[in-house]
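Each chain, written out:
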Amino acid sequence: MFWQMLKGALVRQSRKMFMVAITIALGVSLTTAMLNVMLDVGDKVNRELKAYGANITVTPRAASVLRDIYGLESGPGGAGQYLQEADVGKLKTIFWANNIVGFAPSLETKAIAGTGDVTVVGTWFNRQLELPTGEVVETGIKELKSWWTVEGNWVSDTDINSAMVGSTLAHKLGIHTGDTVELVLPGDSRREKVTVQGLFNSGGPEDEQIFVTLPFLQKALNLEGKVGKIEVSAITTPENDLARKAAHDPQSLSLKDWETWYCTAYVSSIAYQIEEAVSGSRAKPVRQVAESEGTILQKTQLLMLLITVLSLAGSALGISNLLTANMMERSREFGLLKALGATDGDVLLLTLTEIILTGLAGGVAGYFLGLGFAQIIGQNVFGSAVAINMMVIPWVILSVILITLVGSLPAIRMLLSLRPAAVLHGR
Amino acid sequence: MAGDKKMTKYSMYTKMIWHALLRRRSRMLIALMAVAIGATVVSGLVTIYYDVPRQMGREFRSYGANLLLTPAGDQQIISESLVSNATSLLQADKLIGIAPYLYDRVKVNEQPLQVAGTRFQSVKKVSPYWQIRGNWPEDQSEDIVIGADIAERLKIEPGQQVTLTVAGNDTEKKVKVAGIVRTGGPEEEFVFLDLSLLQQMLHKEGVVSIAQVSITANEAELTALTQKIGQQVPGVAPRLVKQVTQSEQTVLGKLQALVYLVTIVVLLLTLICVATTMMAVVTERRKEIGLKKALGAENRSIILEFLGEGLALGALGGLMGTILGFFFAQAVSVNVFGRIISFQPLIALLALVVSIVVTGLACLIPVKIATDVEPAIVLRGE
C-alpha cells in the first residue's frame, strides 16, 4: 500500500517533482563543480606560478670554500667546484620527483667576444633526458624561462655550435640572427666560432650574456661532464612554522616532526632531498619565488573556498525554499490523508521517501553535470582538465541528504500542525 | 471624472497586489528569500570579480621590484634628485615602495666584500621575501645586515661587532650586525648598510647606483610609465623586470578568468533556482487565476497583477540581496586580502535590475500557462 501510494504521488506530481529534481541537480552540480575546482586550484595555480622561474638553485658545496680559502676564481681546475652532469637525472629520483617540473644545468665562464668581456653560459635548451627508470623527460631553459621573448629561433641541443645572444649585448656588439661570433675562451686562449640562432630579451642580467649549448662549453673548457649550477623549478607546499624551523636546521626537529617535514613538499624539504641525491651539492631555495608562491596560493585557495561556501549556501537555501513551496501546495492532499486516518508518522514517512528519491535522482544527474562544469572551467582557464577528486562524492552525498532533510524541515513542521478539517475546508 | 476613475483603478490594483503579498505571508516569504539569495550571490560575486585583479595585484608585489631606475648611457651612478624626479611621475597610491641601492666594495674584518647602501625601511616594502635572522636595523642607526653566505663563511652571528673599512679611507668603523639575510639569491653575498652612512664613507653624497621600484600596475601601464620617465627625466634609464611583470600578467589573467567563469556558472544556476521557486509559488495559484477568469477578469489584467507582484518581490528581494552581497564581498576581502573594498553603485544597480527581471519573467511563464486554460477545468481541480 505504501509503495503504491508513493508511486501514485510521484507519478501524479511528476511535473512538480521534476522541478524539485532539477533544482537539486543544479545545486549538486554547483557543489560538485566548485569542490572539484577548489581542490584542484592550488595545483593549477602552482603550475602557472612556475612562470616565475626556478625556485631552487643547486650549486657545488665546495665552490665557495675553494674560492675563499685558496683564492681560486671560477675557471678550470679543482674538481670539487663542479657538479657531475650525470647526476642531474638523479633529481627525478627523489621522494618528491613528480613535483619537479623543470630543471636546467649550466656552466658559466668569462670570454672575449669582439672587443669586450662577456659572460658565456652553457646550458640545456630543450633536452630529452632519459632517466634511470627508463622514463623520458623534456626539460631545459626553454621551459624554465618562459618569460623570455625570442627573436629568431631557440637553439636545439644537438646543434652544438649555435648560440643565443642577449638583446642588450647584441645591440652593443651589432650582432644579428645568423651571424657568426668568435669567442676567445680563458685558459689556453682557444678560439671557437658559434652561429647566432636567435636573440632574446629577458629583462634581467641575462640580456648581457651569450647562451651556448652545454657540450660546446664543456669541450672548450676541458670540463667534460661537469656543470656549475642547476636551476630547479618545483611545485611546493606553502611554508609554515615547521618548514621555517626545518629550513634553519633540520636536525633540530623531533623524529615525528622530521618525518612530517620530509614527507611534505616544502621547498626546504625538496632542497634537502636534492642535496641527498646529488653528491657534493648545496640546494638553496630562491626565497623571492618560493615565499611569494606560498602567499598567492594561500590567497587563491581561501578566495575559492569562500566563493564555494557562498554558492553552496545559496543552492542549499534555494532547494529548501522550493521544497517548502512544494509541500505547502499539497496541504489539501495531506489533510485528506490525515482525515482518512493516516498518522503523522505515516504522512511523514511518505513525504520523506518521496523527497529522498527525488533528491537521489537529481543528485546523480547533478554530479555528472557538475563534473562537466568543472571541466569547462579547467579547459577554459588553465587549458587542462581539472582532476576528478573522489573525495568530493561523499561530501556531495552528505550535502544532498542534509539539504533535502533540513530543507524540508519547515514543510514538515507545517504538515504536523495541519488540521484536516481546516485544510479541507479550504483555508 | 475620468481621472477619478483611473485613480480608483490604480488604488484597487495596488490594494490587490498588497493583499496578495500580505495574505499569503509564508509563501511570499519563501519567494522573497529566493530572490534575496539570488541577488546576494549576484552582487557578491560580481563585486569580487571586479575587485580580485586589484587586490591580487597587490599580493603579487611580494615578488619584489618590477621597475628599475638605472643610470642612462655609460654612467655608473645616478643622482638622488633625478630618482625623486622620476618617482614623482608615479601615482602615489599605486606605489608600494622605492629602494635605492649604492654598490661598492668594503672590507669587513679585513675580508674584501661587496657592499650595498640602502634604506632598510624601503627594502622591507619592496622585497618582503627577505628572511632576516636577528633584527632589521633601526632607522638612522649604524647597524648592518649581512648575507647568509658571508655570515656562514666568516662565522658571524647577529648581534656581533665587526670592523668596516673602505678603500682610500683608513678610518675603521666598528658596527653591529643586526641581522643576517637569506634570500637564495645574490643578496646572500652582500653586506648592507644605511645609504647615508655608505655615501659619507665613500664621499659619494647624493648618488646611488640603482633604484628598485615596486608599483601595482600591469605590463601595459608599466611600459607607458617607462616611456614617460625616459622622455621627461633625461639621465634615468627605466627598465622593466620582465620576469616579474610578464609572469604576473599571465597568472593574474588566469585568476581573473577563473573567477569570471565561476561567477558565470554560479549566476546561471542561482537564477534558475530563483526562477523555479517563483514558478512553484505562482503555479500553486492556478485556482485563483481560474476563479478570477470565471468572474470576468481579462487575461491582461491578471497578467499585470501577477507581474506587479513579481516586480515588487524582485525589487524588495533584490535590495536585501544587494546589501547582503556587499557585506559578503567585504567579508571575503577582509579575510583573504586584509583590506576593505568600496561600495560599487553600478554593481548594486545591476544586481537589482537582474533580480527584478528574473522574478518578473519567472512569474509570467506560469501565469501565461494558467490564463490560457479554461477556467472551468482549473476550478474543477485538474
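Quick notes on the rules
- Residues numbered from 1 in each chain as written.
- Chains lettered and ligands numbered in written order.
- Predicted model: local features only at pLDDT ≥ 70, side-chain atom pairs only at ≥ 80, totals over all residues.
- Heavy atoms only, no water.
- Helix = DSSP H or I, 4+ residues; strand = E, 2+ residues; numbered from the N terminus.
- Rg over C-alpha atoms; globule rule 2.2 N^0.38 Å.
- Buried < 20%, exposed > 50% of the residue type's maximum accessible area, 1.4 Å probe, protein only.
- Contact = heavy atoms within 4.5 Å.
- Areas by Shrake-Rupley, 256 points an atom, 1.4 Å probe, with all protein chains shown as cover.
- Lys, Arg positive; Asp, Glu negative; His and termini not counted.
- Charge placed at Lys NZ, Arg CZ, Asp CG, Glu CD.
- Buried area = accessible area lost by both parts, 1.4 Å probe.
- Salt bridge = Lys/Arg side-chain N within 4 Å of Asp/Glu carboxyl O.
- Polar contact = N/O pair within 3.5 Å; in protein donor to acceptor, adjacent residues only side chain to side chain.
- Expected span 1.5 Å × (residues − 1).
- Domains from an automatic or database assignment.
- Core = buried A, V, L, I, M, F, W, Y, C linked by side-chain atoms within 4.5 Å.
- Pairing = 2+ DSSP bridges.
- Arc of directions from axis to C-beta.
- Axes fitted to C-alpha atoms, helices over the stretch in contact; angles between N-to-C directions.
- Parallel < 35°, antiparallel > 145°, perpendicular 65-115°, else oblique.
- Nonpolar A, V, L, I, M, F, W, Y, C, P; charged D, E, K, R; others polar.
- Phe/Tyr/Trp six-rings, centres within 6.5 Å; stacked < 30°, edge-to-face > 60°.
- Left-handed = near helix turned anticlockwise from the far one by under 90°.

1. Considerations on the overall build of chain B
Right, on to step 1. Summing up its helical and strand segments, chain B has twelve helices and twelve strands in all.
Right, on to step 2. Computed over the C-alpha atoms, the radius of gyration of chain B is 34 Å, more than 25% above the 21 Å expected from 2.2 N^0.38 for a compact globule of 382 residues.
Right, on to step 3. Taken along its principal axes, the extent of the C-alpha atoms in chain B is 110 × 45 × 35 Å.
Right, on to step 4. Buried positions account for 52% of the 382 residues belonging to chain B.
Right, on to step 5. When contacts within chain B are restricted to residue pairs at least 6 apart in sequence, those whose partners lie at least 24 apart make up 80%.
Right, on to step 6. With the model as given, the accessible surface of chain B reaches about 18,000 Å², and the carbon-plus-sulfur share is 60%.
Right, on to step 7. The distance from the centre of the 38 positive side-chain charges to the centre of the 33 negative ones in chain B is 13 Å.

2. Focus: the overall build of chain A
Right, on to step 1. Per the secondary structure count, chain A includes 15 helices and 14 strands.
Right, on to step 2. For 427 residues, the compact-globule estimate of 2.2 N^0.38 gives 22 Å, and the C-alpha radius of gyration of chain A, at 33 Å, exceeds that figure by more than 25%.
Right, on to step 3. The principal-axis extents of the C-alpha atoms in chain A amount to approximately 110 × 50 × 35 Å.
Right, on to step 4. A buried classification covers 54% of the 427 residues belonging to chain A.
Right, on to step 5. In chain A, of all internal contacts separated by at least 6 residues, the share reaching a separation of at least 24 is 74%.

3. As for the interface of chain B and chain A
Right, on to step 1. Taken together, the contact between chain B and chain A spans 62 residues of the former and 64 residues of the latter.
Right, on to step 2. Of the roughly 5,800 Å² buried between chain B and chain A, counting both surfaces, carbon and sulfur atoms make up 69%.
Right, on to step 3. On the chain B side of the contact with chain A, Tyr63, Lys242 and Leu258 of chain B bury the most area, a combined 12% of that side's loss.
Right, on to step 4. One can count six salt bridges joining chain B with chain A.
Right, on to step 5. Taking the shortest distance from any N to any O, the salt bridge between Arg239 of chain B and Asp207 of chain A comes out at 3.9 Å.
Right, on to step 6. The interface formed by chain B and chain A contains four residue pairs in polar contact (both at pLDDT 80 or more).
Right, on to step 7. At the level of secondary structure, the elements contributing two or more residues to the side of chain B that touches chain A comprise helix H2 (25–59), strand S5 (131–134), helix H5 (148–154), strand S12 (236–240), helix H8 (242–283) and helix H10 (299–337) of chain B.
Right, on to step 8. Per-element tally for the side of chain B that touches chain A: the top contributor is H8 of chain B, with 26 residues.

4. Section: the environment of Gly73 of chain B
All names here are of chain B.
Right, on to step 1. Of note, Gly73 is situated in the loop between strand S1 (67–71) and strand S2 (78–79).
Right, on to step 2. Of the residues examined, Gly73 reaches a relative accessible area of 68% and is grouped as exposed.
Right, on to step 3. Separated by 23 residues in sequence, Gly73 and Tyr50 have C-alpha atoms that sit 42 Å apart.

5. Considering the environment of Ile24 of chain A
Residue and element names in this part refer to chain A.
Right, on to step 1. Take Ile24: it is sitting in helix H2 (residues 14–49).
Right, on to step 2. For Ile24, a relative accessible area of 1% corresponds to the buried category.
Right, on to step 3. Expressed as a C-alpha distance, the spacing of Ile24 and Gly102, which sit 78 residues apart in the sequence, is 44 Å.
Right, on to step 4. Excluding anything up to four places from it in sequence, Ile24 contacts Ile319, Gly359, Gly362, Gly363 and Thr404.

6. Some details on unusual backbone geometry
Right, on to step 1. A positive phi angle, close to 55°, is found at Asn222 of chain A, a residue other than glycine.
Right, on to step 2. With a relative accessible area of 52%, Asn222 of chain A lands in the exposed category.
Right, on to step 3. The backbone of Glu110 of chain B shows a phi angle near 70°, a positive value even though the residue is not glycine.
Right, on to step 4. Checked against the element boundaries, Glu110 of chain B lands in the loop between strand S3 (95–108) and strand S4 (111–118).

7. Regarding helix H12 (residues 344–382) of chain A
Right, on to step 1. For H12 of chain A, built from 39 residues, the straight-helix expectation of 57 Å at 1.5 Å per residue is met to within 8% by its first-to-last C-alpha distance of 53 Å.
Right, on to step 2. Immediately downstream of H12 of chain A, the backbone of Gly383 of chain A shows phi near 70°, a positive value.

8. Some details on the domain arrangement of chain A
Right, on to step 1. According to the domain assignment, chain A contains domain 1 (2–46 + 294–424) and domain 2 (55–285).
Right, on to step 2. Relative placement of domain 1 of chain A and domain 2 of chain A: their C-alpha centres are 54 Å apart.

9. A closer look at the nonpolar core
Right, on to step 1. Ranked by size, the top nonpolar core spans 66 residues in total, and within it Leu49 and Leu303 of chain A together with Ile48, Phe60, Phe192 and Leu258 of chain B carry the most contacts.
Right, on to step 2. Once residues lying within four places of it in the same chain are set aside, the contact partners of Leu49 of chain A are Glu293, Ile296 and Leu297 of chain A together with Phe60, Tyr63 and Val251 of chain B.
Right, on to step 3. Listed in part, the 51 residues of the second largest apolar core include Ile100, Ile175, Ile210 and Ile230 of chain A.

10. Observations concerning the environment of Ile150 of chain B
Residues and elements named next belong to chain B.
Right, on to step 1. Here Ile150 is to be found in helix H5.
Right, on to step 2. Measuring from C-alpha to C-alpha, the distance between Ile150 and Ile180 comes to 9.1 Å, with 30 residues separating the pair along the chain.
Right, on to step 3. The residues touching Ile150, leaving out its near neighbours within four places in the chain, are Leu113, Lys155, Glu188, Glu189, Phe190 and Val191.

11. Examining the pairing of S1 of chain B
Residue and element names in this part refer to chain B.
Right, on to step 1. In terms of residue burial, S1 counts as a mostly covered element, since five of its five residues are buried.
Right, on to step 2. In terms of strand pairing, S1 meets S12 through five bridges, oriented antiparallel. For Leu68, the partnering residue across the bridge sits in S12 and is Arg239.
Right, on to step 3. Here three bridges tie S1 to strand S11 (residues 210–215), and the two strands are oriented antiparallel to one another. Across the sheet, residue Leu67 finds its bridge partner in S11, namely Val213.

12. Regarding helix H11 (residues 331–339) of chain A
A turn of α-helix holds 3.6 residues, and therefore any two residues three or four places apart point the same way.
Residue and element names in this part refer to chain A.
Right, on to step 1. The complete set of buried residues in H11 reads Ser331, Phe334, Gly335, Leu337 and Lys338. Taken end-on, H11 shows its buried residues confined to a sector of 160°, consistent with a single buried face.
Right, on to step 2. Once H11 finishes, Gly341 follows within two positions and takes phi at roughly 110°, a positive value.

13. Topic: the pattern of salt bridges
Close approach of charged atoms allows side chains with opposite charge to pair.
Right, on to step 1. Evaluation of the coordinates by the stated rule reveals 22 salt bridges over all chains.
Right, on to step 2. Measuring nitrogen to oxygen at the nearest pair gives 3.5 Å for the salt bridge that ties Glu152 of chain B to Arg282 of chain A. Pair noted here: Glu152 of chain B is in helix H5 and Arg282 of chain A is in strand S14 (residues 281–285), and the two residues belong to different chains.
Right, on to step 3. A residue is classified by how much of its surface remains accessible, and Glu152 of chain B, at 43% relative accessible area, is partly exposed.
Right, on to step 4. Among the salt bridges present, the one from Glu59 of chain B reaches Lys299 of chain A, with a minimum N-O distance of 3.9 Å. Within this pair, whereas Glu59 of chain B is found in helix H2, its partner Lys299 of chain A is found in helix H10 (residues 287–329), the two belonging to separate chains. Per residue, the accessibility class of Glu59 of chain B equals that of Lys299 of chain A, and both read buried.

14. Quick word on the packing of helix H7 (residues 241–248) of chain A against helix H8 (residues 255–262) of chain A
How two helices pack is summed up by the angle between their axes together with the distance between the axes.
Residues and elements named next belong to chain A.
Right, on to step 1. Look at H7 against H8: their axes get within 10 Å of each other, and the N-to-C directions meet at 100°. Considered as vectors, H7 and H8 are oriented roughly perpendicular to each other. Residues Leu242, Ala243 and Ala246 of H7 form the contact with H8, whose participating residues are Asp257, Thr260 and Trp261.
Right, on to step 2. Grouping the amino acids of the contact of H7 with H8 by side-chain chemistry returns four nonpolar, one polar and one charged.

15. A few points about the packing of aromatic side chains
Right, on to step 1. Evaluation of the coordinates by the stated rule reveals 22 aromatic pairs over all chains.
Right, on to step 2. Measuring from ring centre to ring centre gives 5.3 Å for Tyr367 of chain A and Phe368 of chain A, while their planes differ by 80°; the resulting arrangement is edge-to-face.
Right, on to step 3. Residue Tyr367 of chain A is classed as buried on the basis of its relative accessible area of 12%.
Right, on to step 4. For Phe368 of chain A, a relative accessible area of 55% corresponds to the exposed category.
Right, on to step 5. Relative to Phe192 of chain B, the ring of Phe190 of chain B has its centre 6.1 Å away and its plane inclined at 35°; by these criteria the two rings are tilted.

16. Some words on the packing of H2 of chain A against helix H13 (residues 392–407) of chain A
Residues and elements named next belong to chain A.
Right, on to step 1. Where H2 contacts H13, the axes come no closer than 10 Å and their chain directions differ by 145°. H13 is crossed by H2, and the crossing has right-handed handedness. Contacts between H2 and H13 pair Ile24, Val28, Thr31, Thr32, Leu35, Asn36 and Leu39 from the former with Val392, Trp395, Val396, Ser399, Val400 and Thr404 from the latter.
Right, on to step 2. The class makeup of the residues in the contact of H2 with H13 is eight nonpolar, five polar and no charged.

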